[in-house]
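Chain by chain, the residues:
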Amino acid sequence: MHNLIEKRRSELQADIKELHSRITTVNRELVEKIEHTEQRITNEIKNLKEHITNEHKKQSNVVEQIQRWKWMILGGSAAVMWLISSVNFATLSKFFK
């Protein structure tokens, strides 16, 4: 009876060691997968950040060009208005008869 108990206890301890080994292996594999996933996510975030920065620069350049055109048109309009207001049309009409 005593031998049977000892045999069962040694089998139980061997099973516990096997389970411990499996748990350790699974834990190591999970940690590696998590680290790999974290690295992939970090790389994707960096790529997305670069893409957003590039798009922001492009859009900023477009807005700057539109503003330049707006101010050029406004300045040209002001010059034309000044020219129209300062020209004497009676004198000018004599040249086109």
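**Q** What should I look at first to understand the overall build of the chain in this one?
**A** Along the backbone of the chain there are two helices and zero strands. A globule of 97 residues ought to have a C-alpha radius of gyration of about 13 Å, yet the chain, at 41 Å, is considerably larger. Each principal axis of the C-alpha distribution contributes one length, and for the chain these read about 135 × 15 × 15 Å. Considering the chain as a whole, with its 97 residues, one finds that 0% of them fall into the buried category.

**Q** Sorry, what's going on with a negative patch on the surface here?
**A** A surface patch of like charges, here negative, comprises E29, E32, E35 and E38. With respect to the element layout, E29 can be found in helix 1 (residues 2-86). By relative accessible area, E29 is classed as partly exposed at 43%.

**Q** Any chance you could explain the pattern of salt bridges here in plain terms?
**A** For side chains bearing opposite charge, pairing can occur when the charged atoms are close. In the structure shown here, the tally under the stated rule is five salt bridges. Residue R9 is joined to E6 by a salt bridge in which the shortest nitrogen-to-oxygen separation is 3.0 Å. Taken together, the residues R9 and E6, both in helix 1 and three residues apart, mark about one turn of the helix. Of the residues examined, R9 reaches a relative accessible area of 46% and is grouped as partly exposed. With a closest N to O distance of 3.6 Å, K58 and E55 form a salt bridge.

**Q** Please explain the environment of R22 as it appears in this structure.
**A** Relative to the elements of secondary structure, R22 occurs in helix 1. Between the C-alpha atoms of R22 and I5, which are 17 residues apart in sequence, the distance is 25 Å.

**Q** Mind showing me how you'd approach a nonpolar patch on the surface here?
**A** Nonpolar side chains collect at one region of the surface, where V80, M81, I84 and F89 lie side by side and expose about 420 Å² of accessible area between them. Per-element accounting of the nonpolar patch gives the leading share, three residues, to helix 1. Structurally, I84 can be placed in helix 1. Relative accessible area serves as the criterion here: at 45%, I84 is assigned to the partly exposed category.

What counts and what doesn't
- Residues numbered from 1 in each chain as written.
- Predicted model: local features only at pLDDT ≥ 70, side-chain atom pairs only at ≥ 80, totals over all residues.
- Heavy atoms only, no water.
- Helix = DSSP H or I, 4+ residues; strand = E, 2+ residues; numbered from the N terminus.
- Rg over C-alpha atoms; globule rule 2.2 N^0.38 Å.
- Buried < 20%, exposed > 50% of the residue type's maximum accessible area, 1.4 Å probe, protein only.
- Patch = residues over 30% accessible without salt bridge, like charges linked within 9 Å, V, L, I, M, F, W, Y side chains within 5 Å.
- Areas by Shrake-Rupley, 256 points an atom, 1.4 Å probe, with all protein chains shown as cover.
- Salt bridge = Lys/Arg side-chain N within 4 Å of Asp/Glu carboxyl O.
- Lys, Arg positive; Asp, Glu negative; His and termini not counted.
- Charge placed at Lys NZ, Arg CZ, Asp CG, Glu CD.

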